[in-house]
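# Observations on the model geometry
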Amino acid sequence: MSGRTHAGACPERTCLGCRQRAAKTELLRIVAIKDACVPDPRGTLPGRGAYLHPAPVCLDQAVRRRAFTRALRAPGALDTKALRQYIEQTTVAEQATP
């Protein structure tokens, strides 16, 4: 036997907020469009992407450390209002679902 497993490899990414590695499917992709961070839940928007747990705690940590500007290689500060609104909506929707 070659010692190889037949299980498919699951791509992993690092969350910008908590710096924990997680499966790509558990994280939310974020893209910089103009001067704003935009959520990319389908993962199809063009450009450099960064990953974040869809939780307000991770978002706050990433904003405090200015991680979006570095990870997305943006020339200046990025607006995170649309991203925060998206995360808050998904969090409320998850809590409402039993």
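See the structure shown above.
So, a few notes on the structure that sits alongside this text. (Residues numbered from 1 in each chain as written. Predicted model: local features only at pLDDT ≥ 70, side-chain atom pairs only at ≥ 80, totals over all residues. Heavy atoms only, no water.)

## Digging into the state of the cysteines
Just so we agree on the cut-off: In what follows, a disulfide is any cysteine sulfur pair within 2.5 Å. Exposure classes here rest on a 1.4 Å probe applied to the protein chains alone. A residue is buried below 20% of its type maximum, exposed above 50%, and partly exposed in between.
Counting across every chain of the model gives zero disulfides. The thiol sulfur of Cys-37 is not disulfide-bonded, and the nearest other cysteine sulfur, from Cys-15, lies at 13 Å. With relative accessibility at 0%, the residue Cys-37 sits in the buried group. Here Cys-58 stays unpaired: no disulfide links it, and the sulfur of Cys-15, its closest cysteine neighbor, is 3.8 Å away. Using a relative accessible area of 8% as the deciding quantity, one classes Cys-58 as buried.

## What to know about the nonpolar core
The test is simple: Throughout this description, the term nonpolar core refers to a set of buried Ala, Val, Leu, Ile, Met, Phe, Trp, Tyr and Cys residues connected via side-chain atoms within 4.5 Å. Secondary structure elements follow DSSP: runs of H or I of four or more residues count as helices, runs of E of two or more count as strands, with numbering from the N terminus. It only takes one pair of heavy atoms within 4.5 Å for two residues to be counted as in contact.
If you look at the biggest cluster of nonpolar residues, it comprises 21 residues, and the most contacted ones within it are Leu-16, Ile-30, Cys-37, Leu-52, Phe-68 and Leu-83. Where this core is concerned, the elements lending two or more residues are strand 3 (28-33), strand 5 (49-52), helix 1 (56-64), helix 2 (67-71) and helix 3 (81-96). Among all residues touching Cys-37, those that are not within four sequence positions of it are Ile-30, Val-31, Phe-68, Leu-72, Leu-78, Asp-79, Thr-80, Ala-82 and Leu-83.

## Details of the sheet that holds strand 5
We count it as follows: Whether two strands pair depends on DSSP finding at least two bridges between them. Only C-alpha atoms enter the line fits that serve as axes; for helices the fit covers just the stretch in contact. Angles between N-to-C directions range over 0 to 180 degrees.
One open sheet accounts for three strands, arranged 4-3-5; its pairing is antiparallel. Unpaired on one side and paired on the other, strand 4 (36-40) and strand 5 mark the two borders of the sheet. With strand direction ignored, the average angle separating the axes of adjacent strands in the sheet is 40°. When strand 3 meets strand 5, the two strands line up antiparallel, connected through four bridges. Bridge pairing in strand 5 places Val-31 opposite Gly-49. Each of strand 3, strand 4 and strand 5 is contacted by helix 3, which is oriented at about 35° to strand 4, the strand it contacts most.

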